[in-house]
Amino acid sequence: MTFTVTLQPSGRSFQVEREEPVLQAAIRAGVGLPYGCRDGACGSCKSRLLEGRVIHGAHQAKALNADEEAAGLILPCCAASQTDLVIEARNVVGAGDFPPRKMPSRVTSIERAAPDVAILQLQLPANEVFRYRAGQYVEFILQGGSRRSYSIANPPHTQAAAPGIELHIRHLPGGKFTDHVFGAMQAKEILRLEGPFGSFFVREDSPLPMVLLASGTGFAPIKAIVGQLEHEGNARPAAFYWGCRARADLYQLAWAADAARRLPWLRFIPVLSEPRADDDWTGRTGLVYEAVMADLPDLAGHQVYACGTPAMVDAARRDFVARCRLPADEFYADAFTSEADKH
Ligand SMILES: Cc1cc2nc3c(=O)[nH]c(=O)nc-3n(C[C@H](O)[C@H](O)[C@H](O)COP(=O)(O)OP(=O)(O)OC[C@H]3O[C@@H](n4cnc5c(N)ncnc54)[C@H](O)[C@@H]3O)c2cc1C
Ligand code: FES
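The structure presented is a predicted model; accordingly, all values stated were derived computationally and were not measured.

Help me understand the site of ligand 1, please; the structure alone is not making it clear to me.
Contacts to ligand 1 come from 25 residues, most closely from Arg148, Ser149, Tyr150, Phe177 and Thr178. At 2.8 Å, a backbone N or O of His168 approaches a nitrogen atom of ligand 1. Protein chains shield 81% of the accessible area of ligand 1, which is 980 Å² for the free molecule. At four residues, strand E11 (residues 147-151) tops the list of elements feeding residues into the shell around ligand 1. Grouping the constituent residues of the shell around ligand 1 by class yields 10 nonpolar, 10 polar and five charged.

Structure (structure tokens):
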């Protein structure tokens, strides 16, 4: 049995199976809805149900609480329709251009870039170019079917020279996938993945100056975005804030500093929250999103692209909107949620 989902105000519609999450059907139909984790943890897909009835699967209260649900909000990533639906949701232009596909990948190198960060280079099949937007992510399909998401760090145009992706992976001790990456993983290992996913990419129809905000391995999609903007001859101003604990965690500081020297539109501000005495750090300190607010107390005319730990992304969204006049719909984010955020 299938139902019709219509989006307002765009008027776009698509079909969904009875048991199927609404977001999954939208992705299959190439219809752009905003989303992040696809798993009821981040809240990025939250939309208003105008007509019809859904049943939610498991999700986190911080993504959608009971009051919001009672007020008619839904999480399309984990909502199955019971009737035809009309949903009020932003249409993300371009999100449906590159349908996700499954493919094998081969690990070509694993580099330990920081005490708890590994950079994986993966080779992709050469027969069909992998197309995606800078900022999007892939999912590894693990044994048993569970999935883990990682943002692609290289911009799409690099596929022409070498079909492959670079991923920056932070070790979460006790984590199913990252324990393997930091333990037994070897070059030549084959991993199954699916992608691209996500709506975290630059809205190119806007002229507004951008704040690019990353914590830890949230650096990865921002690196891809900066590379893509450079490739396109961008002139739109961007301030890139990267927060880590100590100097050793700024694992590609030289890359970012070089980019800022090379690109007149880019400012780069690294921020350490817990610099060590022997770091000799003379740069900014504190929480990275607070550094943004100190420098840009009025964000009314900006777009923000934030990526990294859920705590940082949530605090930045809350305070930028409440205290710095950022319009809520100019905040774009991928929160790196994990199993720890689902229990
Ligand atoms: C859109 C998106 C993009 C992402 N991109 C990146 C990226 O570029 N780089 C990156 O480093 N990460 C990224 N992540 C996070 C990544 O997908 C994984 O969640 C993360 O790497 C942890 O995977 P894991 O299998 O090692 O840990 P998990 O198995 O998910 O466990 C995570 C932590 O939770 C603990 N845990 C496990 N089960 C439970 C439980 N039942 N109760 C309490 N605690 C539990 C584990 O001990 C561990 O410390 C992204 C996430 C999303 C949603
Ligand atoms: S809660 Fe739906 S995409 Fe994260």
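Which parts of the structure should I look at to understand the environment of Leu73?
Along the chain, Leu73 falls in strand E5 (residues 73-74). Each C-alpha atom, one on Leu73 and one on Asn234, is 37 Å from the other, the two residues being 161 residues apart in sequence. Residues within four places of Leu73 in sequence aside, it is in contact with Lys46, Ser47, Arg48, His56, Leu64 and Glu68.

Help me understand the side chain of Asp279, please; the structure alone is not making it clear to me.
In this fold, Asp279 is placed in the loop between strand E16 (266-272) and strand E17 (284-285). For the buried residue Asp279, which engages in no salt bridge, the nearest side chain bearing the opposite charge is Arg276, 4.3 Å off. Ignoring anything within four residues of it in the chain, the contact list for Asp279 reads Ala246, Arg247 and Leu272.

Where do I start with helix H7 (residues 310-324) in this structure?
In an α-helix, one turn spans 3.6 residues, which is why side chains three or four residues apart end up on the same side. When the terminal C-alpha atoms of H7 are compared, their 20 Å separation across 15 residues agrees well with the 21 Å that a helix rising 1.5 Å per residue should span. Along H7, the residues that are buried comprise Pro310, Met312, Val313, Ala315, Ala316, Asp319, Phe320 and Cys324. Check the buried side of H7 and you find it contacts strand E14 (210-215), helix H6 (288-295), strand E18 (303-308) and strand E19 (331-335). In the segment just after H7, Arg325 is the residue with positive phi, at about 60°.

Teacher, can you tell me more about the sheet that holds strand E8 (residues 101-114) here?
Think of a sheet as strands paired side by side through backbone hydrogen bonds, with each pair either parallel or antiparallel. One open sheet accounts for six strands, arranged E11-E10-E13-E8-E9-E12; its pairing is antiparallel. Two strands lie at the open edges of the sheet, namely E11 and strand E12 (164-170), each paired on one side alone. Across the sheet, the axes of successive neighbouring strands diverge by a mean angle of 40°, strand direction being ignored. With three bridges joining them, strand E10 (residues 137-141) and strand E13 (residues 190-197) adopt antiparallel strand pairing. What sits directly across from Tyr137, in E13, is Phe197. Across the sheet, helix H4 (residues 219-231) lies against E11 and E12, angled at about 145° from E12, the strand it touches most.

How should the nonpolar core be read in this particular structure?
Soluble, globular proteins show a tendency: their nonpolar side chains are buried together. Residues Leu212, Val226, Phe240, Trp242 and Leu266 are the most contacted members of the largest nonpolar core, which totals 32 residues. For this core, the element with the highest residue contribution is H4, accounting for six residues. Listed in part, the 29 residues of the second largest apolar core include Val5, Leu23, Ile74 and Tyr137.

What should I look at first to understand unusual backbone geometry in this one?
A negative phi holds for most residues other than glycine; trans holds for most peptide bonds. Cis geometry marks the peptide bond from Gln8 to Pro9, where omega comes out at 5°. Relative to the helices and strands, Pro9 resides in the loop between strand E1 (2-8) and strand E2 (13-17). Note the cis peptide between Gly195 and Pro196, where omega equals 5°. Tracing the chain through its elements places Pro196 in strand E13. One non-glycine residue, Arg38, lies in the positive phi region at around 60°. Within the fold, Arg38 resides in the loop between helix H1 (22-28) and strand E3 (47-51). Located in the positive-phi region is Arg325, a residue other than glycine, with phi close to 60°. Along the chain, the position of Arg325 falls in the loop between H7 and E19. A relative accessible area of 56% places Arg325 in the exposed class.

Would you mind going over the environment of His157 with me for this structure?
With respect to the helices and strands, the residue His157 is situated in the loop between E11 and E12. Residues His157 and Tyr132 lie 25 residues apart in sequence; the distance between their C-alpha atoms is 9.5 Å. When sequence neighbours within four positions are dropped, the list of residues in contact with His157 reads Gly227, Gln228 and His231.

Please explain the sheet that holds E1 as it appears in this structure.
Ordered in space as E2-E1-E7-E3-E5, the five strands form an open sheet in which the pairing is mixed. The open sheet has two free edges, formed respectively by E2 and E5, since each of these has just one partner strand. As paired elements, E1 and strand E7 (residues 85-88) share four bridges and run parallel to each other. Opposite Gln8, over in E7, you have Glu88 as the bridge partner.

Explanation requested: the pairing of E10 in the structure shown.
Remember that side chains alternate between the two faces of the sheet whenever the strand is regular. Within E10, four of the five residues are buried, which leaves it mostly tucked inside the rest of the structure. In this structure, the hairpin formed by E10 and E11 is closed by a connection of five residues, where Gly144 is found at a positive phi of approximately 90°.

Before we go on, may I ask you to explain the packing of H4 against helix H5 (residues 253-262) in this structure?
A pair of packed helices is captured by two measures, namely the crossing angle of their axes and the spacing between those axes. Packing of H4 against H5 leaves a shortest axis separation of 12 Å and a crossing angle of 25°. Viewed along their axes, H4 and H5 adopt a mutual orientation that is roughly parallel. The handedness of the crossing between H4 and H5 is left-handed. Contact with H4, carried on its side by Phe219, Lys223, Val226 and Glu230, involves Trp255, Ala256, Ala259 and Arg262 of H5 and no other residues of that element. Grouping the amino acids of the contact of H4 with H5 by side-chain chemistry returns five nonpolar, no polar and three charged.

Thresholds, definitions, all that
Residues numbered from 1 in each chain as written. Chains lettered and ligands numbered in written order. Predicted model: local features only at pLDDT ≥ 70, side-chain atom pairs only at ≥ 80, totals over all residues. Heavy atoms only, no water. Near = heavy atom within 4 Å. Polar contact = N/O pair within 3.5 Å; in protein donor to acceptor, adjacent residues only side chain to side chain. Areas by Shrake-Rupley, 256 points an atom, 1.4 Å probe, with all protein chains shown as cover. Helix = DSSP H or I, 4+ residues; strand = E, 2+ residues; numbered from the N terminus. Nonpolar A, V, L, I, M, F, W, Y, C, P; charged D, E, K, R; others polar. Contact = heavy atoms within 4.5 Å. Buried < 20%, exposed > 50% of the residue type's maximum accessible area, 1.4 Å probe, protein only. Lys, Arg positive; Asp, Glu negative; His and termini not counted. Salt bridge = Lys/Arg side-chain N within 4 Å of Asp/Glu carboxyl O. Expected span 1.5 Å × (residues − 1). Pairing = 2+ DSSP bridges. Axes fitted to C-alpha atoms, helices over the stretch in contact; angles between N-to-C directions. Core = buried A, V, L, I, M, F, W, Y, C linked by side-chain atoms within 4.5 Å. Parallel < 35°, antiparallel > 145°, perpendicular 65-115°, else oblique. Left-handed = near helix turned anticlockwise from the far one by under 90°.

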